[in-house]
Amino acid sequence: MNELEVLKKALPEMVSIMNALPGERFDMKSAQTILIVQRRMEQSELSKQLGIFAQLLSKNEPATMDDLVAAAVAYIRIKTLVEGNETGYSPVIVRDLVKEYKTQQTKLKNILRLSKVNILTAESYQRAVIEKTILKSERFLSAFEKEIQDLEEVIAKEPKSLIKPKEPDSITEDVKELPTKPRKFRGIQVPKRIVGFWEEVQKKNQVTQELKEEEARYASSRCREIPFYDSTLNYSDKYICKDVPAFSLYKRRESIYFGKTENGAAGIYNNRDKSLFELMNVNEDFVQFMTTDLLGGEYQLTPFSGAEKEAMEVYFNFICACFEAYIGKLTTVMEYLKFKDYYNRLMLMRISLEEKQVADYYRALRLADSYMEYMRGYDLSVSDDREEIIQNITSEKNLNYLGDLQIILDNHVICSEAKENIGQLQEEIRYFHGKEEEAEDIEETPVDFLGAKVIIQFLKEEKVIDEALFTSENLEQAVYDYLTRKAEVKKIGIDRNGERVFLFICRNGSVSIPVINRKMKENWKETDRDYYEAVEEKIANKILKLGETEDENGTY
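Sequence order sets the numbering: in each chain, residues are counted from 1 along the sequence as written. For this predicted model, a pLDDT threshold of at least 70 governs which residues receive local features, and a threshold of 80 or more governs which side-chain atom pairs are given and counted, while totals over whole chains, interfaces and linings are taken from all residues. Side-chain measures here rest on the full set of heavy atoms in the structure, leaving out hydrogens and waters.

*Asks:* Even after reading the chapter, I still don't get the environment of F458, so can you show me in this structure?
*Replies:* Only DSSP runs of H or I reaching four residues or more are called helices, and only runs of E reaching two or more are called strands; each is numbered from the N terminus. As for its position among the elements, F458 is in strand β11 (residues 453–460). Spatially, the C-alpha atoms of F458 and I505 are 9.9 Å apart, while their sequence positions differ by 47 residues. It only takes one pair of heavy atoms within 4.5 Å for two residues to be counted as in contact. Those residues within four positions of F458 in sequence are excluded, and the remaining contacts are K463, V464, I465, D466, D481, R485, A487, V489 and K490.

*Asks:* Would you mind showing me how to read empty space enclosed by the protein here?
*Replies:* Residues are said to line a cavity or pocket when one of their atoms sits within 4 Å of a point; the points come from a 1 Å grid over protein atoms alone, cavities being sets where a 1.4 Å probe fits but cannot get out and pockets being open sets with protein on both sides within 12 Å along at least five of seven lines. Grid points are joined across faces, edges and corners, and a volume is the space filled by probe spheres set on the points. Per the counting criterion, the structure on display carries one cavity of 30 Å³ or more. Put simply, the largest cavity is a space of about 50 Å³. For the largest cavity, the full set of lining residues is T103, T106, K107, N110, Y371, S381, S383, N400 and D404. Residue assignment for the lining of the largest cavity shows that the elements contributing at least two residues are α5 (91–118) and α14 (399–411). Here the element with the most residues in the lining of the largest cavity is α5; it accounts for four residues. Each residue is assigned to one class: nonpolar for Ala, Val, Leu, Ile, Met, Phe, Trp, Tyr, Cys and Pro, charged for Asp, Glu, Lys and Arg, and polar for all the others, Gly among them. Partitioned by chemical class, the residues of the lining of the largest cavity number one nonpolar, six polar and two charged.

*Asks:* What exactly am I supposed to notice about the nonpolar core here?
*Replies:* Most often, soluble globular proteins keep nonpolar side chains buried together rather than apart. Here, the term nonpolar core denotes a set of buried Ala, Val, Leu, Ile, Met, Phe, Trp, Tyr and Cys residues that are joined through side-chain atoms within 4.5 Å. Partly exposed describes any residue whose relative accessible area lies between the buried limit of under 20% and the exposed limit of over 50%, with all areas from a 1.4 Å probe on protein chains only and scaled to the type maximum. Ranked by internal contacts, the top residues of the largest apolar core, which has 55 residues, are M14, I17, F53, Y75 and F144. Of all the elements in the fold, those that place two or more residues in this core are α1 (3–14), α2 (31–40), α3 (45–58), α4 (65–83), α5 and α6 (124–156). Residue contributions to this core peak at twelve residues, all from α4.

*Asks:* I keep staring at a nonpolar patch on the surface and nothing clicks. Help me out?
*Replies:* A patch is a set of surface residues, each over 30% in relative accessible area and not in a salt bridge, joined within 9 Å for like charges and within 5 Å for the nonpolar side chains Val, Leu, Ile, Met, Phe, Trp and Tyr. All accessibility values rest on the Shrake-Rupley procedure with a 1.4 Å probe; residue burial counts only the protein chains present in the view. Note on definitions: salt bridges are taken to be side-chain nitrogens of Lys or Arg within 4 Å of carboxyl oxygens of Asp or Glu. A cluster of nonpolar side chains, I327, V333 and L337, forms an exposed patch at the surface whose accessible area comes to about 260 Å². Among the structural elements, V333 can be located in helix α12 (residues 333–377). For V333, a relative accessible area of 54% gives the class exposed.

*Asks:* Looking at this structure, I do not really get the confidence of the model for the protein. What am I missing?
*Replies:* Low pLDDT marks stretches whose predicted atomic positions should not be read closely. With 84% of its residues at a pLDDT of 70 or more, the protein has an overall mean of 82. In predicted models, pLDDT denotes the confidence assigned by the predictor to each residue on a 0 to 100 scale. Under a pLDDT of 50 for its full length, residues 161–188 has, in the predicted model, 13 contacts with residues more than four places off or in other chains. Here residues 551–556 is a poorly scored stretch, pLDDT under 50, and it has nine contacts once near neighbours within four places are set aside; other chains count.

*Asks:* I would appreciate a short explanation of the layout of surface pockets in the present structure.
*Replies:* Where empty space is left can be seen by rolling a probe of water-molecule size over the atoms. Here the second largest pocket defines a volume of roughly 490 Å³. Of all the elements in the fold, those that place two or more residues in the lining of the second largest pocket are α2, α3, β15 (513–514), α17 (518–522) and α18 (526–547). Residue contributions to the lining of the second largest pocket peak at five residues, all from α2. Grouping the constituent residues of the lining of the second largest pocket by class yields eight nonpolar, five polar and seven charged.

*Asks:* Explanation requested: the pattern of salt bridges in the structure shown.
*Replies:* Note on pairing: side chains with opposite charge can pair once their charged atoms come close. In this structure the tally under the stated criterion is 28 salt bridges. A salt bridge links K99 to E388; the nearest nitrogen and oxygen atoms lie 2.6 Å apart. Residue K99 is located in helix α5, and its partner E388 is located in helix α13 (residues 386–394); the two are separated by 289 residues in the primary sequence. With relative accessibility at 25%, the residue E388 sits in the partly exposed group. Between R376 and E373 there is a salt bridge, with the nearest N and O atoms lying 3.2 Å from each other. Remark: E373 and R376 occur in helix α12; sequence separation between them is three residues, near one turn of the helix. The two residues R376 and E373 agree in class, both being exposed.

*Asks:* Would you mind going over the packing of aromatic side chains with me for this structure?
*Replies:* Remark: the centre distance and the inter-plane angle together describe each pair of aromatic rings, the angle taken between the planes. Within 6.5 Å between ring centres, the rings of Phe, Tyr and Trp (the latter by its six-membered ring) count as paired, and their orientation is classed by plane angle as stacked under 30 degrees, edge-to-face over 60, tilted in between. Taken as a whole and judged by the stated rule, the model has 22 aromatic pairs. Here Y315 and Y343 contribute two aromatic rings whose centre-to-centre distance is 6.1 Å and whose plane-to-plane angle is 45°, an arrangement assigned as tilted. Linking Y315 in helix α11 (residues 306–326) with Y343 in helix α12, this pair joins segments that are 28 residues apart in sequence. Residue classification places Y343 among the buried residues on the basis of a relative accessible area of 10%. Here a set of aromatic residues connected by ring pairs shows up, and it is made of F289, F304, Y315, F316, F323, Y336, F339 and Y343. Charge over a ring is defined by NZ of Lys or CZ of Arg lying within 6 Å of the ring centre and within 35 degrees of the ring normal. Residue placement shows K490 over the ring face of Y482; its charged tip is 5.5 Å from the ring centre. Above the ring of F502, the side-chain terminus of K491 is found at 5.2 Å from the ring centroid.

The following block contains the structure:
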């Protein structure tokens, strides 16, 4: 399981930062996981924001308002990057960030309105919490507004050609229409024979292209194939066709050619038998259909776009024409039957995906309408339009809508039937594509401890009160004892020939923090660094595995 997938699963718990209050210690069940993932990630904008968020998790003291504001801003950035499957900012992510901040602003304004109404009838003990909520919401709004302004400045500095096509230069257009004249450079006139040479080249290329287009009119397939007349072709890439392995596709610059597999070697196609054809009406989607088994289980297919459907139809047409021309010569009947079976299944998959897309759309439409009706009925603002809500529900970007419905439950609903209906709507939105099965354990790479033992140590007032040594085979028991034993300070590491290196430390029952930092590792020899990093990852995986089994009472 990669870091993005782990973080995606942690997002529903990380969103609780939006409800945290100053003066209280902020904690999460998945805090240990987040800290370890952040340490294991390569340097990136995502790891940087994760580090800011993790600072709050590592604090043993109550969170200040500044702590919460910094963590909330980091959470929005983490959420946008993770949902976009990115670790760094791109123009698309920057625009998504602006939109997400505005969405959160809408939600905070709703909370402010509800809080200011609720404080009017609140008891004295409730009033303090509501006042903190109002103050926190106002600080969040101010911070998000500053973020939006900074991001919009970044967008404004982007090259305009990325935003709007450049207008044609009328002067340039006029010049193009003028008769061609020899250019003059610093008073030196270009000889007429050179100008004539380039005119001849341009004319020859134009005639060649026109001949190709005319010849392609008589092609036997929708690929509009034409013969390649040169005796050799220098190509950059070669792709064997999965349905007819006797043939391959050859790529040179932007052009795609079709010829015998045996004729191409070491970047040169031998065309003495005139077996090579240039395909005039193909693209990368066509190449994928020709060379890749899309039903082999390696790919997660999504509904085909219009361009992909057209490429699939061209692929079918071309392979059929190929079998008609070469069956019994370079292709076999068995290959043809295998192709037909594959294409039948591919077509079924295409229709099935489209049917599911339509069914998902109308199911999400019902949920979106119900959500919007609840928001309107309780006089709350909706930040997205109907189509955006439908798209976000189907792609499971649903945290904002779940939070809005929770606001209604917390502030307005006391009727048990109404609670049940809204809860059911939350469940349908949250698990739109069904509940996932329990995630498999993290795959662990075997690590040779080289005879070293695992050591756990417990301290009070900086004095060791107990310690234990375990063999590497009993690593899981060592980690279990480390996690379950209560102590002011506890450490876990390894004892290697009497040299003790502690890798994780836990203070006052908070999350375990890695002891070894990058600077310390840089001073080690490469062999030592590789050894300790492998052991550290092994112990971290055990902490993750056992930490996820903790129940609400803190037992495992």
